[in-house]
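The residues making up each chain are set out below.
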Amino acid sequence: MGRKIGCVMLASGFGRRFSGGGNKLLVPVDGVPLAQRTLDVLSPLPFARRVVVSQWPEVRALAERSSFLALDNPQAAEGIAASVRIGTRAMEGLDGVLFAVCDQPYLNISSIEKLLDCFQSHKNAICALSFAGQRGNPVVFPSELFPALLALTGDRGGGQVIRAHPEQLVLVECSSPRELMDVDRAEDLQ
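Below is a summary of the structure that appears in this document. Remember, it's a predicted structure, so these values are computed and weren't measured experimentally. (Residues numbered from 1 in each chain as written. Predicted model: local features only at pLDDT ≥ 70, side-chain atom pairs only at ≥ 80, totals over all residues. Heavy atoms only, no water.)

Another aspect to go through is empty space enclosed by the protein. Vacant regions in the atomic arrangement are exposed by a probe of water-molecule size rolled over the atoms. In total, this model carries 1 cavity of 30 Å³ or more according to the counting rule given. Lining the largest cavity are Arg 37, Thr 38, Val 41, Gln 104, Pro 105, Tyr 106 and Leu 107. (1 Å grid on protein atoms, 1.4 Å probe; cavity = no way out; pocket = protein on both sides within 12 Å on 5 of 7 lines; lining within 4 Å. Points joined across faces, edges and corners; volume = space filled by probe spheres on them.)

With mixed pairing, the 7 strands of this open sheet are ordered in space as S5-S4-S1-S6-S8-S7-S9. Lying at the two open borders of the sheet, with one neighbouring strand each, are strand S5 (69-72) and strand S9 (169-173). Recorded for the sheet is a direction-independent mean angle of 25° between the axes of neighbouring strands. Two elements, strand S1 (residues 5-10) and strand S6 (residues 96-101), share 6 bridges in a ladder whose sense is parallel. By the bridge assignment for S6, Leu 10 is matched with Val 101. The strands that helix H1 (residues 34-42) touches are S1, strand S4 (49-54) and S6; relative to S1, the one it contacts most, it runs at about 170°. (Pairing = 2+ DSSP bridges. Helix = DSSP H or I, 4+ residues; strand = E, 2+ residues; numbered from the N terminus. Axes fitted to C-alpha atoms, helices over the stretch in contact; angles between N-to-C directions. Contact = heavy atoms within 4.5 Å.)

For Ser 67, the position within the fold is in the loop between helix H2 (57-65) and S5. Take Ser 67: its relative accessible area is 59%, and that puts it in the exposed class. Residues Ser 67 and Pro 138, 71 residues apart in the sequence, show an inter-C-alpha distance of 20 Å. (Buried < 20%, exposed > 50% of the residue type's maximum accessible area, 1.4 Å probe, protein only.)

Attention now moves to the packing of H1 against H2. For the pair H1 and H2, the least separation of the axes is 10 Å and the interaxial angle reads 25°. When the axes of H1 and H2 are compared, the pair comes out roughly parallel. The two elements H1 and H2 meet at a crossing, and its hand is right-handed. Here H1 contributes Ala 35, Gln 36 and Leu 39 to the contact with H2, which in turn contributes Val 59, Leu 62 and Ala 63. (Parallel < 35°, antiparallel > 145°, perpendicular 65-115°, else oblique. Left-handed = near helix turned anticlockwise from the far one by under 90°.)

Right, dumping it as structure tokens:
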């Protein structure tokens, strides 16, 4: 029996750099809202628990329709740390947690499966998707680092925990740099 891994999809951002107007997470990519694309990639994977942390009621509704527990983030203005803390608290009792962002429309399921396999075979490792040695998202953290994730504040996320524990980082190569591309501006979708 493998270690129990939870999944947290971070979906509370304001998308301030997104010039397309409206909520970036609801913008369709190939006809499917950005947030829904990520839910569709994560849904079939064998997570012990799955949550979406979002300040947006529309995104939480998508999450619930995809059988994710939708958690409100009333502290979204603080920055990403608030979402990380809410998500980490929901993973209590599990062996690890995968954090995914929801603005990577080209992420594929086989890369996430490789990431989960890596975590299963590397005790206490932080496993991160990468391309050509450049770390990206998603990232899986072991439960021993939950206290460090819960201590984050402001607009600092898991990257701060990774920098504090570089010896635990294992990079998992994905199939294409496109998978790690995140949508910050409307032009990124061209």
